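Inside the fold
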Amino acid sequence: MITGTQKLESLCRVWGFLKYYHPHVAKGNLNWDKQLFQKINELQNISDKQSLNHLYSEWIESLGEVPLCRECSVKDQKVYFLKNFDLRWIDNSQIFSDDVSQKLRYIESNRNLGDNHYVGKGGRKIYFRNEKSYGSGFTSTAISLLELFRYWNYVEYFFPYKYETDQNWNDVLTEMIPKFLLIDDDENFHLTLAELVTKTDDSHAYISSKEIQLHLYGQRKVPVEYSYAEGKLVITKINNTRLRHQSQLQKGDLIYDIEGKTIPQVINNLGKYVPASNSWGKVSKIKDKLLFSNNDSVALKIEREGQNLEIKTRTYLIKDIIHEKNPVPKKWKFMDYEKKIGYVNMGIIEKEDLDEMYSSLRSTKSIIFDLRNYPKQTIVPLSYLLLPNPAIYYQFTFPDTSYPGKFYIRKNVTGRKNPEYYKGNVIVLVDENTQSQAETTTMMFKQHPKAKIIGSHTSGANGDVIMFKIADLDTRFTGLGAYYPDGRETQRIGIIPDILIKPSVEGIKNGKDEVLEKALEYIKTTD
């Protein structure tokens with residue numbers, strides 16, 4: 001006896017494998033979605049292993065003869081990364097007969113090479129293509145399963161960090177099939193898709209949906225700005241509203257409870273639908289939405305000047321909240337009167353600014369590069385200015401479209417022979433906002449002989465992203481693996497600072513940048 005979930009699991013695997021491996025299917029010669037719908041219907045009348053394998057055997061035969069592929073067995077010069085590659089399911093004798101397993105293994109050995117109808121290559125990354133849209137609303141169980149099967153196989157064959165997910169990706173399929181079978185409306189459809197995307201444990205991942213925003217967070221907001229520290233929200237600014245009501249909150253208030261739940265409890269409840277590489281990444285993605293609501297007011301518990309208070313504060317539509325523009329920060333500056341310490345805001349400095357910046361700061365004894373933001377592709381020209389020699393600063397893994405599930409490794413070198421390199425201290429400020437290109441840039445800075453990383457763990461989502469749609473909703477995940485030169489991982493872990501410091505409640509209340517202060521304190525010790 002084979003269960004309904006086991007039947008659909010096997011169908012998802014076989015359908016996805018044939019989609020990327022079978023030469024006729026991979027070339028786009030068949031309506032592959034239609035074939036899936038047919039098989040979903042046919043599975044309803046199957047309850048035993050023999051009938052299931054008869055279905056698969058006839059299906060594979062109907063796709064046409066697979067010619068021998070002599071090139072498929074030729075060894076190339078690529079260095080492979082195989083932690084994601086796993087076709088052992090083909091040999092699962094509890095599900096598949098010897099005949100079906102042999103047919104699938106034959107297709108693997110004589111797989112599609114070259115162009116693939118469903119996967120394109122652009123530069124150093126891939127993109128998904130030629131997928132028919134069925135809209136973003138719930139229409140049928142079969143289409144819901146199609147979207148699950150598409151996404152599961154995208155991750156199975158093309159997500160570089162599949163092997164690092166908390167839950168084994170095979171178990172994700174087992175868990176999610178019954179949930180997709182229960183979907184009966186748009187809201188449940190989007191939330192279940194969000195839960196699926198969250199299983200990647202990738203801070204690059206997201207799914208864009210008004211249904212999710214409305215259900216999880218709401219369209220109204222408490223008109224304040226705040227920072228997160230020590231499990232509390234520290235109010236840093238009260239915004240005006242077009243309705244000109246007086247806020248019950250004050251700058252410096254600490255919010256520790258929202259509608260009867262502590263801040264960590266709220267984050268934990270929402271975390272099921274918010275993909276992130278680690279706990280601090282989860283906080284980073286959720287914290288800005290904590291004071292959203294669908295209600296006209298929100299019940300809060302706060303600390304103010306040593307007293308605990310319970311208040312109800314109004315919420316407003318976003319259009320009714322007035323956001324004053326903050327002054328534009330300088331791209332670079334001196335931190336001291338003697339001009340011994342320079343500071344560079346990596347989030348706003350452009351490539352064309354670098355020569356002028358370096359001309360101003362090259363005589364300093366230390367330069368602080370603030371990477372608590374997202375840089376503007378300045379990594380290579382900066383390496384030419386700062387590093388003494390070419391250096392391998394990370395290695396990438398790229399998906400191999402000629403053998404889906406396998407990735408190949410390339411090491412990346414930056415910098416050049418430069419006797420005039422910067423001889424002072426290179427101080428890099430990081431936190432959970434330091435993600436992807438910012439993390440790679442940090443890895444470049446670490447090649448400097450006097451580099452010091454100060455702050456807290458970075459996001460742990462590194463490598464270019466693949467952007468695509470699932471159920472006609474914008475989504476994405478990391479597309480390339482990125483590692484230290486010796487192969488150590490940064491995904492999910494982040495870059496660990498040399499000097500660990502996080503903002504504190506007291507520091508935020510007093511308007512301090514404790515990470516920057518720690519950097520200045522460290523510089524004093526090097527004089």
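The model shown is predicted, which means the values in this text are computed figures rather than measured ones.

1. Notes on the sheet that holds strand E19 (residues 391–399)
Pairing within the open sheet is antiparallel, and its four strands lie in the order E1-E20-E19-E25. Either end of the sheet is taken by a strand with one partner, and the two such strands are strand E1 (79–81) and strand E25 (481–483). The sheet shows a mean angle of 40° between the axes of neighbouring strands, taken without regard to direction. Strand direction decides the pairing type here: E19 and strand E20 (residues 407–414), joined by eight bridges, are antiparallel. From the neighbouring strand, Pro 399 faces E20, where its bridge partner is Phe 407.

2. Here we look at the domain arrangement of the protein chain
Each assigned domain of the protein chain is listed with its residue range as follows: domain 1 (4–158 + 166–199), domain 2 (215–320) and domain 3 (332–526). For domain 2 versus domain 3, the separation of C-alpha centres amounts to 30 Å. Counting from both sides, the interface comprises 13 residues of domain 2 and, opposite them, 15 residues of domain 3. Interface of domain 2 and domain 3: buried area, both sides summed, is about 1100 Å²; carbon and sulfur atoms make up 57% of it. Viewed at the interface, domain 3 and domain 2 are joined by one salt bridge. For Lys 287, the salt bridge identified is with Glu 432, shortest N-O distance 3.3 Å. The tally of links from domain 2 across to domain 3 stands at eight residue pairs in polar contact (both at pLDDT 80 or more). Counting residues per element, the ones that place at least two in the side of domain 2 that touches domain 3 are strand E6 (224–229), strand E7 (232–238) and helix H11 (279–286). By residue number, the principal contributor to the side of domain 2 that touches domain 3 is E6, which donates three residues. Within the side of domain 2 that touches domain 3, the residues separate by chemical class into five nonpolar, six polar and two charged.

3. Observations concerning the sheet that holds strand E24 (residues 473–478)
Strand pairing in a sheet relies on backbone hydrogen bonds, with the paired strands running either antiparallel or parallel. The strand order across the open sheet built from three strands is E4-E24-E23, with neighbouring strands paired in antiparallel fashion. Both edges of this open sheet fall to strand E4 (206–207) and strand E23 (465–470), since each of them pairs with a single strand only. Taken together, the six bridges between E23 and E24 define a ladder with antiparallel strand orientation. Along E24, the bridge assignment pairs Ile 470 with Leu 473.

4. Thoughts on the packing of helix H1 (residues 4–21) against helix H5 (residues 98–109)
Axis separation between H1 and H5 bottoms out at 10 Å; the angle between their running directions is 30°. What the angle tells us is that H1 and H5 run roughly parallel. You can see that H1 and H5 cross each other, and the crossing is left-handed. Every residue of H5 that contacts H1 at Phe 17, Leu 18 and Tyr 21 is listed here: Leu 104, Ile 107 and Glu 108.

5. Concerning the side chain of Thr 414
Turning to its location among the elements, Thr 414 is positioned in strand E20. A polar contact of 2.6 Å, which involves the side chain of Thr 414, links it to the side chain of Ser 383. Residues contacting Thr 414, with those up to four places away along its chain left out, are Ile 379, Val 380, Ser 383, Leu 387, Asn 389, Pro 390, Ala 391, Tyr 393 and Met 444.

6. Observations regarding the packing of aromatic side chains
The description of two aromatic rings rests on the distance between their centres and on the angle between their planes. Under the criterion given, the structure shown has 33 aromatic pairs. A ring pair is formed by Phe 128 and Phe 477, whose centres lie 6.4 Å apart and whose planes are at 70°; its orientation type is edge-to-face. Taken together, the residues span a long stretch of sequence, with Phe 128 in strand E3 (residues 125–128) and Phe 477 in strand E24 at a distance of 349 residues. Taken individually, Phe 128 and Phe 477 each receive the classification buried, so the pair is uniform in this respect. Measuring from ring centre to ring centre gives 6.5 Å for Trp 152 and Trp 169, while their planes differ by 10°; the resulting arrangement is stacked. A residue pair is termed long-range when its members are at least 10 positions apart, and Trp 152 in helix H6 (residues 141–158) and Trp 169 in helix H7 (residues 169–181) qualify at 17 residues. Classification of Trp 169 by relative accessible area gives buried; the value is 3%. Lying across the ring of Tyr 421, Lys 423 places its NZ or CZ 4.3 Å from the centre.

7. Here we look at the side chain of Asp 353
One can find Asp 353 in the loop between strand E17 (341–345) and helix H12 (354–361). Side-chain polar atoms of Asp 353 contact the side chain of Lys 331, separated by 2.9 Å. Here Glu 350 takes part through its backbone nitrogen, which lies 2.8 Å from a polar atom of the side chain of Asp 353. With residues up to four places along the chain from it excluded, the contact list for Asp 353 reads Lys 331, Trp 332 and Ile 348.

8. Brief notes about a negative patch on the surface
Taken together, the side chains of Asp 184, Asp 185, Asp 186 and Glu 187 define an acidic patch exposed on the protein surface. Residue placement: Asp 185 occurs in the loop between H7 and helix H8 (186–198).

9. Concerning helix H10 (residues 263–270)
What H10 keeps buried is the set Ile 263, Val 266, Ile 267 and Leu 270. End-on view of H10: buried residues confined to an arc of 95°, all on one side of the axis. On its buried face, H10 is in contact with helix H9 (210–217), E6, E7, strand E9 (254–258), strand E10 (261–262) and H11.

Calculation rules
- Counting restarts for each chain: residues are numbered from 1 in the order of the written sequence.
- Thresholds applied to this predicted model are a pLDDT of at least 70 for local features of residues and 80 or more for the giving and counting of side-chain atom pairs; totals over whole chains, interfaces and linings are not thresholded and use all residues.
- For side-chain calculations, the full set of non-hydrogen atoms in the structure is used, while hydrogens and water are omitted.
- A pair of strands is treated as paired once DSSP finds two or more bridges between them.
- Counting from the N terminus, the helices are the DSSP runs of H or I reaching at least four residues and the strands are the DSSP runs of E reaching at least two.
- Every axis corresponds to a line fitted to the C-alpha atoms, with the helix fit spanning only the stretch in contact, and the corresponding angles, defined between N-to-C directions, vary from 0 to 180 degrees.
- Start and end positions for the domains come from either an automated domain assignment or a database one.
- Note on contacts: a residue pair qualifies if any of its non-hydrogen atoms lie within 4.5 Å across the two residues.
- Throughout, the accessible surface (probe 1.4 Å) given up by two parts as they are put together, summed over both, is called the buried area.
- A side-chain nitrogen of Lys or Arg and a carboxyl oxygen of Asp or Glu constitute a salt bridge if their distance falls within 4 Å.
- Polar contact is the term for a pair of N or O atoms within 3.5 Å; when the atoms are in protein, one must be able to donate a hydrogen and the other to accept it, and sequence-neighboring residues count only if both atoms are side-chain atoms.
- We call Asp, Glu, Lys and Arg charged. Ala, Val, Leu, Ile, Met, Phe, Trp, Tyr, Cys and Pro are nonpolar, and the rest, Gly among them, are polar.
- For classification purposes, angles smaller than 35 degrees are called roughly parallel, those larger than 145 roughly antiparallel, those between 65 and 115 roughly perpendicular, and all remaining angles oblique.
- Note on convention: the crossing is left-handed when the near helix lies turned anticlockwise from the far helix by less than a right angle, right-handed when the turn is clockwise.
- Pairing of aromatic side chains requires ring centres within 6.5 Å, counting the rings of Phe and Tyr and the six-membered ring of Trp. Pairs whose planes differ by under 30 degrees are stacked, by over 60 edge-to-face, and all others tilted.
- Throughout this description, buried means an accessible area under 20% of the type-specific maximum (1.4 Å probe, protein chains only), exposed means over 50%, and partly exposed covers the range between.
- Geometrically, a charge over a ring is one whose NZ (Lys) or CZ (Arg) sits within 6 Å of the ring centre while staying within 35 degrees of the ring normal.
- Surface patches are defined over residues having more than 30% relative accessible area and no salt bridge, joining like charges when they lie within 9 Å and nonpolar side chains (Val, Leu, Ile, Met, Phe, Trp, Tyr) when within 5 Å.
- To be clear on the numbers: accessible area is Shrake-Rupley with a 1.4 Å probe, and residue cover counts the displayed protein chains and nothing else.
- Counting rule for charge: Lys and Arg are taken as positive, Asp and Glu as negative, and neither His nor the chain ends is counted.
- Just so you know, the charge point we use is NZ for Lys, CZ for Arg, CG for Asp and CD for Glu.
- Working note: the arc is built from the helix axis to C-beta atom directions.

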